[in-house]
Amino acid sequence: MIFPNNPVSLEGKTALITGASRGIGRATALLFARMGADIGINYLRNQAAAEELATEIGRLGCRAVLFQADVADRAAVVQMAAQVKVAFGGLDILVNNAGVSLTNDIFGLTQETWHQVIETNLTGLFNTCQELIPLMQSQGSGSIINLSSIAGRRGSMFGDVHYAAAKAGVIGFTQTLARTLARWKIRVNAVAPGVTVSDMLAENSSEHLDYIVQNTPLGRSASVEEVAGVCLFLASGLANFMTGTTLDVNGGNYMT
Ligand code: NDP
């Protein structure tokens, strides 16, 4: 295959990014729009931030459509999928980014928090995939990118069994779905970031974070843009022969 002049162009593509109002999702939405994609901005509560992002994407010359939905709520996702179909007609890229960590260890974890984390990070993925894959199947192409975590690779450094279980689940889900969807030329991959500067990080103690950064060969945490860049790679034609993989974005921390 010969790559076009700009191999990461998303010109003419549509992308739905869950949890796009802040953090990694927002950075991914902006980067994809800079590459020419029209963007579906899913968010839970932060309407003002989502609207501000839509304005910024509009300035880049791309279309942005807001979709308020709790990814853990099946009925809300069914409604969002119908709205996506009306707004875009189809879907080329789905980034399952929405997530919560609600940090706590096995001794402090309540059943409620367990369920909230599993339902947002893992059931949310099941909901969006099951409802949005038909839009990709009908066009015979697509790219799905799921946000896992270094916690899903080697356990959480903060004792978060619920979060690590959900993010490890994301990897198994990704590999299995990649096998199932290959016949429709839909690629399914995951990204596993290490510590990344976002609102989510504020939940963790600075001691823990310092320890992780000290044990990271590149000696710092990631920016949200650096994670977005790997999502772009997976969404682009450069990753045409990649499916079922999980890319680690952690400054070498996974090696230590
Ligand atoms: P943030 O806390 O900065 O942002 C979370 C986003 O998810 C917000 O847009 C929020 O919407 C949205 N969201 C939360 N719950 C739901 C829900 N039920 N339905 C729809 N949207 C929801 O998170 P990050 O950017 O840091 O994290 C993004 C992803 O990357 C997550 O899956 C996270 O687990 C993963 N990750 C993050 C790491 C980090 O160090 N930051 C490391 C490894 C993985 P709203 O603004 O409306 O509340």
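Note that the structure is predicted; figures quoted are calculated from it, not measured.

**Section: the pattern of salt bridges**
When their charged atoms lie close together, side chains carrying opposite charge are able to pair.
Thinking step 1. A complete count under the given rule lists six salt bridges for this structure.
Thinking step 2. Residue arginine 26 pairs with glutamate 52 through a salt bridge whose shortest N-O separation is 3.0 Å. Here the residue arginine 26 occupies a position in helix H1 (residues 23-34), and glutamate 52 occupies one in helix H2 (residues 47-59), the gap between them amounting to 26 residues.
Thinking step 3. Judged by relative accessible area, which is 22%, arginine 26 ranks as partly exposed.
Thinking step 4. What makes glutamate 52 partly exposed here is its relative accessible area of 39%.
Thinking step 5. Note that glutamate 131 is salt-bridged to arginine 74, the shortest N-O span being 2.8 Å. Taken together, the residues span a long stretch of sequence, with glutamate 131 in helix H4 (residues 111-137) and arginine 74 in helix H3 (residues 74-88) at a distance of 57 residues.
Thinking step 6. For arginine 74, a relative accessible area of 27% corresponds to the partly exposed category.
Thinking step 7. One continuous salt-bridge network, built from bridges that share partners, spans Arg26, Glu52 and Glu56.

**A look at the site of the ligand**
Thinking step 1. Around the ligand, 33 residues are found, and the nearest of them are Ser21, Arg45, Asn97, Tyr163 and Ser198.
Thinking step 2. Glycine 19 has a polar backbone atom sitting 3.1 Å from an oxygen atom of the ligand.
Thinking step 3. When the ligand sits alone it has 900 Å² of accessible area, and the protein chains cover 95% of it.
Thinking step 4. Within the residue set of the shell around the ligand, elements represented by two or more residues are H1, strand S2 (38-43), H4 and helix H6 (161-181).
Thinking step 5. Looking at the shell around the ligand residue by residue, the classes come out as 14 nonpolar, 14 polar and five charged.

Conventions adopted
- Residues numbered from 1 in each chain as written.
- Predicted model: local features only at pLDDT ≥ 70, side-chain atom pairs only at ≥ 80, totals over all residues.
- Heavy atoms only, no water.
- Salt bridge = Lys/Arg side-chain N within 4 Å of Asp/Glu carboxyl O.
- Helix = DSSP H or I, 4+ residues; strand = E, 2+ residues; numbered from the N terminus.
- Buried < 20%, exposed > 50% of the residue type's maximum accessible area, 1.4 Å probe, protein only.
- Near = heavy atom within 4 Å.
- Polar contact = N/O pair within 3.5 Å; in protein donor to acceptor, adjacent residues only side chain to side chain.
- Areas by Shrake-Rupley, 256 points an atom, 1.4 Å probe, with all protein chains shown as cover.
- Nonpolar A, V, L, I, M, F, W, Y, C, P; charged D, E, K, R; others polar.

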